[in-house]
Structures are given as C-alpha cells and as structure tokens.
Amino acid sequence: MANICGVDEAGRGALAGELVVCGCAFNSDVSKLNLTDSKKLTPKKREQIYTSLIQQCDFITIYFNNKIIDEIGLSNCLRRALRVIKFHFREYQIIYDGNCNYGIDGIETIIKADAKIPQVSAASIIAKVSRDLQMCRFDSFYPYFGYAKHKGYGVKAHIEALQKYGPNELTRQSFKPKALEASLFGDEI
C-alpha cells in the first residue's frame, strides 16, 4: 500500500463556503498517528494530526468557492479535482472515498474509505482542517453567521441567521434547504 494516493473532500453538504478536495500520499511512516475518518476525531486531535501530516505527506488541496459550485455544480467540481489529483499523482493508485469516480478512469472508489485506508483518512483530515480554518477566518467577516462554530453547514443556527440576515457572499445559492425556500430564495424550487 505504499503507492496509494487517498482522496476525500470536506464541505460537500455545506450551505456556505468552499468545497475542499485533497489528494494525499505518504512520504514516511505515519502509523503512529492512528489515522481514521476526520469526523471521528475531535477538532483538537484533527489539528494535531493535520500538523504532522502536512510535514510527512505529499498532498494537494483544491478549493472551489461557492460561486464556482453554484455555476458548475458539485459533481463538476469533484470531476475537475479528481483530474488534477490524477495528474499530480499519476504514478499512484488513487482511492476516492465514496461510490462514484465522476467518469474519471483510474480512480478506484471505496465506500467509507476514510475509515479503512490510511491515505484516504489523511486526505479527509487535511481537507476538513483546511476548510475549517478557512471558515473560521470567514467568521470575522460575517460574525452574525457563526461560521467558526458550524463551518457553514445547515444547522439550526445557520438557518436562523440566513432567515434573519439573508444570504451573504459565501452562501451557496444552488443549495435550497426546505426551511429557506420560500423566505430566502423565492418560491421557485
């Protein structure tokens, strides 16, 4: 398993902010980090592992802002990211977390790979921490939205902020939660 590049993303289901896709391969032994799916780790533990990973891995992190997501859609963003990762890691077996390779040949998919394949776990952690840090920076520009807490996902506090203040420059216009359809985005579905 030495020549594996793991791929995962963060921010796929968020209502605001960027989609972050990471491809990651190991340059050294990272077995002591006890890698697993980023969602199973506390934020503090993720950040500690992230600090080690970025020093011990070859990785690429690709960002798609909300305007690009709205323009071309999540699937096209993921397709483009997989192409870039495939080019960057052309000598590697590429394993992507999930069940769809978005039409890119040479990308193997495994459901729950972020909990099974260490390289995918590492990509999951790098993508998640990179996105979380970005959303915390955005929080200072949009303090009423609570991005530092919920990172732009569709939690109750975020829905309430959208209802009260309306969308901002980070809001994905193509994502229309039922709670907001009529009040925020108009009556069209």
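Residues numbered from 1 in each chain as written. Predicted model: local features only at pLDDT ≥ 70, side-chain atom pairs only at ≥ 80, totals over all residues. Heavy atoms only, no water.

Enquirer: Now, about the state of the cysteines: what can you tell me, with residues and values included?
Expert: Within the structure shown, the criterion is met by zero disulfides. A disulfide-free cysteine, C57 has its sulfur positioned 3.7 Å from the sulfur of C24, the nearest such atom. Free cysteine: C136, not disulfide-bonded; nearest cysteine sulfur from C22 at 18 Å. (Disulfide = S-S within 2.5 Å.)

Enquirer: Provide a residue-level description of the pattern of salt bridges, including the pertinent values.
Expert: Per the stated rule, a full pass over the model turns up six salt bridges. The shortest N-O distance in the salt bridge between K39 and D114 comes to 3.4 Å. With a gap of 75 residues between them, K39 in the loop between strand 2 (19-26) and helix 1 (43-56) and D114 in helix 4 (residues 113-116) connect regions that are remote in the sequence. Note on D114: relative accessible area 5%, which makes it buried. Here E160 makes a salt bridge to K156, at a shortest N to O gap of 3.8 Å. In this pair, E160 and K156 are both assigned in helix 7 (residues 156-165), four residues apart and thus about one turn of the helix distant. A single network of salt bridges, built from pairs that share partners, joins D37, K39 and D114. (Salt bridge = Lys/Arg side-chain N within 4 Å of Asp/Glu carboxyl O. Helix = DSSP H or I, 4+ residues; strand = E, 2+ residues; numbered from the N terminus. Buried < 20%, exposed > 50% of the residue type's maximum accessible area, 1.4 Å probe, protein only.)

Enquirer: Which residues make up the side chain of S130, and what values go with them?
Expert: Structurally, the position occupied by S130 is in helix 5 (residues 118-139). A distance of 2.7 Å separates the side chain of S130 from the backbone oxygen of I126, its partner in a polar contact. Beyond its immediate sequence surroundings of up to four residues, S130 is in contact with V20, Y50, T61 and Y63. (Polar contact = N/O pair within 3.5 Å; in protein donor to acceptor, adjacent residues only side chain to side chain. Contact = heavy atoms within 4.5 Å.)

Enquirer: An account of the confidence of the model for the protein chain is needed here, citing residue identities and associated values.
Expert: Residues shown with low pLDDT carry predicted positions that ought not to be read at fine detail. Put simply, the protein chain has an average pLDDT of 92, and 92% of its residues get 70 or more. For the stretch residues 185-189, pLDDT sits under 50, and the model shows eleven contacts to residues farther than four places along the chain or on other chains. (pLDDT = per-residue confidence, 0-100.)

Enquirer: I'd like a description of unusual backbone geometry, backed by residues and values.
Expert: You will see that Y102, though not glycine, has its phi angle at about 55 degrees, which is positive. Inspection of the secondary structure assignment puts Y102 in the loop between strand 4 (93-97) and strand 5 (107-110). The phi angle at K112 is positive, at roughly 60 degrees, despite the residue not being glycine. Residue class for K112 comes out exposed when judged on its relative accessible area of 57%.

Enquirer: Could you give an account of the environment of L170, naming the residues involved and the relevant values?
Expert: One can find L170 in the loop between helix 7 and helix 8 (181-184). Classification of L170 as buried rests on a relative accessible area of 8%. Setting aside residues up to four positions removed in sequence, L170 forms contacts with L15, A16, G17, N66, F138, Y142 and Y147.

Enquirer: Outline the packing of helix 1 against helix 5, supporting the account with residue identities and numerical values.
Expert: Viewed as axis vectors pointing N to C, helix 1 and helix 5 meet at an angle of 110 degrees, and their least axial separation amounts to 9 Å. Between helix 1 and helix 5, the angle is such that the two are roughly perpendicular. Handedness of the helix 1/helix 5 crossing: left-handed. Of helix 5, the residues touching helix 1 (which contributes R46, E47, I49, Y50 and L53) are A122, I125, I126, K128, V129, S130 and D132. A class-by-class count of the residues in the contact of helix 1 with helix 5 yields seven nonpolar, one polar and four charged. (Axes fitted to C-alpha atoms, helices over the stretch in contact; angles between N-to-C directions. Parallel < 35°, antiparallel > 145°, perpendicular 65-115°, else oblique. Left-handed = near helix turned anticlockwise from the far one by under 90°. Nonpolar A, V, L, I, M, F, W, Y, C, P; charged D, E, K, R; others polar.)

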